[in-house]
Amino acid sequence: MFISVLPGEQVEVALAEEGSLLEYYLDMLHQRKIKGNIYKGVIHNIDTNLQAAFVSYGAGKNGFLQIDEIHPEYWQAHHEPAKGKKFPPIQKVLKAGQEVLVQVVKEPTGNKGAFLTTWLSLAGRFLVLTPGQEQIGVSRKVENDEERARLREMMNGIDPGQGLGVIVRTVSAGTTKTTLKNDLQYLKRLWRDIRKKATEVSAPALIHQEPGLSERAVRDYLTDDVCEIWVDNEDVAQGIRDTVSLLFPRKKYLVRLHGDIRQSMWERFNLRRQLDQIYSREVILPSGGRLVFDQTEALMAIDINSGKISGKGNFEAMAYKTNMEAAETIARQLRLRDIGGQVVIDFIEMRDKKHVLDVEKTLRQAMKNDRARHDVARMSSFGLLELVRQRTGSSALAITMEPCPACGGTGQRRNLEWQALQGLRELRRMLRAANGEKCVFETSRELGLYLLNHKRDTLREMEQDFGKCLEIAIRT
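Residues numbered from 1 in each chain as written. Predicted model: local features only at pLDDT ≥ 70, side-chain atom pairs only at ≥ 80, totals over all residues. Heavy atoms only, no water.

Looking at the overall build of the protein chain
- Along the backbone of the protein chain there are 13 helices and 21 strands.
- Here the protein chain holds 476 residues, and 42% of them are scored as buried.
- Look at the contacts in the protein chain between residues 6 or more apart in sequence, and 62% of them connect residues 24 or more apart.
- Taken as a whole, the protein chain presents about 27,200 Å² of accessible surface, with 50% of it coming from carbon and sulfur. (Helix = DSSP H or I, 4+ residues; strand = E, 2+ residues; numbered from the N terminus. Buried < 20%, exposed > 50% of the residue type's maximum accessible area, 1.4 Å probe, protein only. Contact = heavy atoms within 4.5 Å. Areas by Shrake-Rupley, 256 points an atom, 1.4 Å probe, with all protein chains shown as cover.)

Considering the packing of aromatic side chains
- Throughout the structure, instances matching the rule amount to seven aromatic pairs.
- Seen in terms of ring centroids, F64 and F115 are 6.1 Å apart; in terms of plane orientation they differ by 40 degrees. Their pairing is tilted. Taken together, the residues F64 in strand β6 (residues 63–66) and F115 in strand β8 (residues 115–117) connect sequence positions 51 residues apart.
- Each member of the aromatic cluster is reached from another via a ring pair, and the members are F2, W230, W266 and F269.
- Directly above the aromatic system of F126 lies the positively charged group of R125, at a separation of 5.6 Å from the ring centroid.
- Taking NZ or CZ as reference, R337 lies 4.1 Å from the ring centre of F293, over its face. (Phe/Tyr/Trp six-rings, centres within 6.5 Å; stacked < 30°, edge-to-face > 60°. Lys NZ or Arg CZ within 6 Å of the ring centre and 35° of its normal.)

Some points on the pattern of salt bridges
- Tallied over the entire structure, the rule returns 18 salt bridges.
- Note that D260 and R262 form a salt bridge whose closest N and O atoms lie 3.2 Å from each other.
- Looking at D260, the relative accessible area reads 22%, which means it is partly exposed.
- The class for R262 is exposed, based on a relative accessible area of 75%.
- Across the salt bridge formed by E360 and R378, the nearest N and O atoms sit 2.8 Å from each other. (Salt bridge = Lys/Arg side-chain N within 4 Å of Asp/Glu carboxyl O.)

So, a negative patch on the surface
- Judged by side-chain charge, E17, E18, D224 and D225 come together as a negatively charged surface patch.
- When you line up the elements, E17 lands in strand β2 (residues 10–17). (Patch = residues over 30% accessible without salt bridge, like charges linked within 9 Å, V, L, I, M, F, W, Y side chains within 5 Å. Lys, Arg positive; Asp, Glu negative; His and termini not counted. Charge placed at Lys NZ, Arg CZ, Asp CG, Glu CD.)

Points about the environment of P204
- Take P204: it is sitting in the loop between α3 (177–200) and β13 (205–208).
- Once the C-alpha coordinates of P204 and S56 are considered, the two residues, 148 residues apart in sequence, prove to be 6.6 Å apart.
- Every residue in contact with P204, bar those within four places of it in the chain, is listed here: K40, S56, Y57 and G58.

Comments concerning the sheet that holds strand β18 (residues 299–305)
- Pairing in this open sheet of six strands is mixed, and the strands run β16-β17-β18-β19-β21-β20 from one edge to the other. Strand pairing shows two members of the sheet lacking a second neighbour, β16 (282–284) and β20 (374–379), which therefore form its edges. Averaged over neighbouring strand pairs, the angle between their axes works out to 20 degrees when direction is ignored.
- Here β20 pairs with strand β21 (residues 384–389) via four bridges, running antiparallel. Each residue of the ladder has a partner; that of V376, found in β21, is L387.
- Those strands touched by helix α9 (residues 353–366) are β19 (341–346), β20 and β21, and its axis lies near 175 degrees from that of β20. (Pairing = 2+ DSSP bridges. Axes fitted to C-alpha atoms, helices over the stretch in contact; angles between N-to-C directions.)

Considering the packing of helix α8 (residues 315–337) against α9
- At a minimum axis separation of 9 Å, α8 and α9 run at an interaxial angle of 20 degrees. Here α9 runs roughly parallel to α8, going by the angle between their axes. α8 and α9 meet at a crossing whose hand is right-handed. When α8 is examined against α9, the residues E316, Y320, N323, M324, A327, E328, A331 and R335 are found in contact with a partner set consisting of H355, D358, V359, T362, L363 and A366.
- For the contact of α8 with α9, the residue count by class is seven nonpolar, three polar and four charged. (Parallel < 35°, antiparallel > 145°, perpendicular 65-115°, else oblique. Left-handed = near helix turned anticlockwise from the far one by under 90°. Nonpolar A, V, L, I, M, F, W, Y, C, P; charged D, E, K, R; others polar.)

Quick word on the side chain of E360
- You can see E360 is positioned in helix α9.
- Exposure remark for E360: the relative accessible area of 3% places this residue in the buried category.
- If we skip the residues at most four places from it in the chain, E360 touches R378, M379 and L385.

Here we look at unusual backbone geometry
- A203 connects to P204 through a cis peptide bond whose omega is -5 degrees.
- Of note in the backbone geometry, N270 takes a positive phi value of approximately 55 degrees without being a glycine.
- The topology assignment puts N270 in the loop between α6 (265–268) and α7 (272–278).
- The class of N270 is exposed, set by a relative accessible area of 62%.

Notes on the side chain of E12
- Within the fold, E12 resides in strand β2.
- Among buried Asp, Glu, Lys and Arg side chains, E12 stands out as unpaired, with R272 the closest opposite charge at 5.6 Å.
- A distance of 2.5 Å separates polar atoms of two side chains, one belonging to E12 and the other to Y24. (Polar contact = N/O pair within 3.5 Å; in protein donor to acceptor, adjacent residues only side chain to side chain.)

Describing the nonpolar core
- Y57, L101, L116, L122, L127, L129 and W191 are the most contacted members of the largest nonpolar core, which totals 43 residues.
- Within the residue set of this core, elements represented by two or more residues are β4 (38–47), β5 (52–56), α1 (90–93), β7 (99–106), β10 (127–131), α2 (145–156), β12 (164–168) and α3.
- Of all the elements, α3 adds the most residues to this core, at seven residues.
- Each residue touching L129, except ones within four places of it in the same chain, is listed here: L120, S121, L122, L164, G165, V166, L184, L187, K188 and W191. (Core = buried A, V, L, I, M, F, W, Y, C linked by side-chain atoms within 4.5 Å.)

Functional significance is not addressed by these values, which are geometric in nature.
So this is what it looks like as structure tokens:
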């Protein structure tokens, strides 16, 4: 685990295995993520067509609250759902102006507000407390049946309290009953503080804020698999040492400080190139093939090109090798870029059915370690494979990128010749309106000669050309 800190401004966290970057998270403090925050909000309006409410919670654009995300305790009146329907009509149980305690499930993206829920959850190191849901469960990612049974047996002897539920997290594997009890007591104290604050403040207001990225990284991503934690800030490193000494007493030397001012931590461990690749439209595969990522309004399209290896030897063997490399790389890039929603992958078409099954299996296997929920479909006869993936938060791309002001986000702009012709057309129109036809031909000829002899590449140079064109027009 690598934690890089720019004090008061930015925190970066990366997980790498044998020099290969697996996960990357970025938090800029001036636009801090709100996922997991709990707010006291007010229902602004109810949309009966969407069966959802829009909630003003004090963070800019109103949040989106669906009927299935509303706890029955907020229903204004008891209502029996109609036969065949799980939930009652939202307009029957909620009203505008009503106050609700909501938690952010998905960050706001583009023109969409945050996705909210009233089914709250509070994450600790080993447990997740679920107020309003009296259940005790074990994370689905604990795959060992004996360990699942042991954890469930331990939790049967621990009472969360009335109206509270608990989910045992994956990192609890191998832990003791005393550790789980201590974590539960901490979460119950936190919930009492939240309830107390919610009764004291007026809506809209922030009630509970998720800890910063460095604290969340230790809480959520520090497992037995992590054998080193490198930090480039002494204060943060000391705080993490204190936490590690409590969680892993035998791993006192897990945390190491990067103090070399001559090079960054990313350069020292040869991760800079992989980090830069996250922001690139293209990713180069080991054998020379390429992945091309194109985001549309509805989905992410990923195209696989054979690149330099095309035409060499057997085509089927080339396609199989490239697709196998692409399957592993795509799974990693989906995590690194935090790509959510629908994804369509255009694999190189293969005729051998066994090769198709191998590529599907490789992709599913590579995505097993993905923390986000996902579902992978089968490859079509055209080589297209669809998958859906949960977006876990604002990606590094969303935080650090903005549309190009020159091209408007298309990645292309009008060429110089087209822009010159439009300039000539506009000048011709203006001159005809002012002086009639007599000077238009001479002006156009001089402008044409000037532009042909002074081709420009940048917008600033084109602006200078426009000034020169006006001088010619006035003179002629």
